[in-house]
Amino acid sequence: MKHFIAFFSVILFFTSACSPLAQPPAISDQRLQEFATSEELTSFLKEHQQESGGFGYGGPVMMARGAMEDAAPTAEKTTTQSEGGSSYSQTNVQVAGVDEADIVKNDAAYIYTLTQNKLVIVHAYPPLNAEITATLELPGQPRDLFINQNRLVVFTDLYQPVYTIMKDAVAAHAEEKLSILPPERYSTPKTGVLIYDTTNKESPTLVANYSVEGNYYQSRMIGKYVYVIAQHQPYYSGGPIPLPALRAEDRLIMESPVSYFDNWEPQLNFNSIASF
């Protein structure tokens, strides 16, 4: 079964909070443009790094999230009638009908919670007979979850170490005639998307395992569809930059063209959006 129905990436530009850099003259028509190949994306990032003096880290992503949360309307609590408890409260939401992921979810009889690196399912109703029915160890750092009938989705942050040697370092190494050139190590963030069948609450079954490039940022569920956003800052190290990819375990499902606005800013960010 194919779960993912959409996947695309957008480069967002952030104005630096530091002293302004020398900005090359540019004229933008404000229309969304696109990098369709790895070569186009690599050329852009290489040119941007030369003009900006390198990439900045931190700050803008957290500021963007904080601004969104501060501007959110008053939360609304949803209540559902069921055949378990007479009624039960669900996650507070900002928009009716748009569910938000959380570390704790519940239905009429069960509580689903993320504890450290584990998913714990508790049979909570009736309360006098409450007990843990399942505990699953999860990869990476679990962030949020959704529950929809007998389907449960967990989002985790995954980090994969990458070793690379920049071309400038190779040139400097040759001039100094050094015998050893250690590679530079950095981590590429990924968002893991784990989908479980919870028909058997004592033994949930993993039915899909996807990864989207970037740190988990936000997600929403509308009806039976889930939307997730992952963010990361591009890292140019002298080699080709692949297009953002969606994978099922280690198998490549698709690469996404990268859309962007042609405005020059000293900092930029990748936003990958997937739905299933």
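Look up a bit, the structure's there.
Residues numbered from 1 in each chain as written. Predicted model: local features only at pLDDT ≥ 70, side-chain atom pairs only at ≥ 80, totals over all residues. Heavy atoms only, no water.

### Observations regarding the sheet that holds strand S8 (residues 118-123)
Strand order in the open sheet formed by 4 strands is S6-S7-S8-S9, and the pairing between neighbours is antiparallel. On the outer flanks of this sheet lie strand S6 (104-106) and strand S9 (131-137), each paired with one strand and no other. Averaged over all adjacent pairs, the angle separating strand axes in this sheet is 15°, with direction ignored. As judged from the 6 bridges shared by S8 and S9, these two strands associate in the antiparallel manner. Following the sheet pairing, Lys118 is matched in S9 by Glu137. (Pairing = 2+ DSSP bridges. Helix = DSSP H or I, 4+ residues; strand = E, 2+ residues; numbered from the N terminus. Axes fitted to C-alpha atoms, helices over the stretch in contact; angles between N-to-C directions.)

### Regarding the packing of aromatic side chains
Evaluated as defined, the whole model comprises 5 aromatic pairs. Through pairs of rings, three or more aromatic residues link up here, namely Phe35, Phe44 and Tyr260. The side chain of Lys201 reaches across the aromatic face of Tyr110, ending 5.2 Å from its centre. (Phe/Tyr/Trp six-rings, centres within 6.5 Å; stacked < 30°, edge-to-face > 60°. Lys NZ or Arg CZ within 6 Å of the ring centre and 35° of its normal.)

### Remarks on the environment of Ala130
Mapped onto the fold, Ala130 is located in the loop between S8 and S9. With 20 residues separating them in the primary sequence, Ala130 and Tyr110 have C-alpha atoms 9.1 Å apart. Ignoring sequence-local partners within four residues, the contact set of Ala130 consists of His123 and Ala124. (Contact = heavy atoms within 4.5 Å.)

### What about the nonpolar core?
Ranked by internal contacts, the top residues of the largest apolar core, which has 18 residues, are Phe146, Val153, Phe155, Val193, Ile195 and Tyr210. Counting 15 residues, the second largest nonpolar core, distinct from the first, contains Tyr112, Ile147, Leu152 and Tyr196. (Core = buried A, V, L, I, M, F, W, Y, C linked by side-chain atoms within 4.5 Å. Buried < 20%, exposed > 50% of the residue type's maximum accessible area, 1.4 Å probe, protein only.)

### Let's talk about unusual backbone geometry
Residue Pro126 follows Tyr125 across a cis peptide bond; omega there is 0°. Turning to its location among the elements, Pro126 is positioned in the loop between S8 and S9. The residue Gln149 is not glycine, and still its phi comes out positive at about 55°. A relative accessible area of 69% means that Gln149 is categorised as exposed.

### Here's the deal with the pairing of strand S15 (residues 225-232)
Sheet topology places strand S14 (residues 215-222) next to S15; 7 bridges connect them, and they run antiparallel. Across the sheet, the residue bridging to Arg220 is Tyr227, located in S15. Joining the antiparallel neighbours S14 and S15 is a turn of 2 residues, in which Gly223 adopts a positive phi near 65°. Two elements, S15 and strand S19 (residues 267-275), share 6 bridges in a ladder whose sense is antiparallel.

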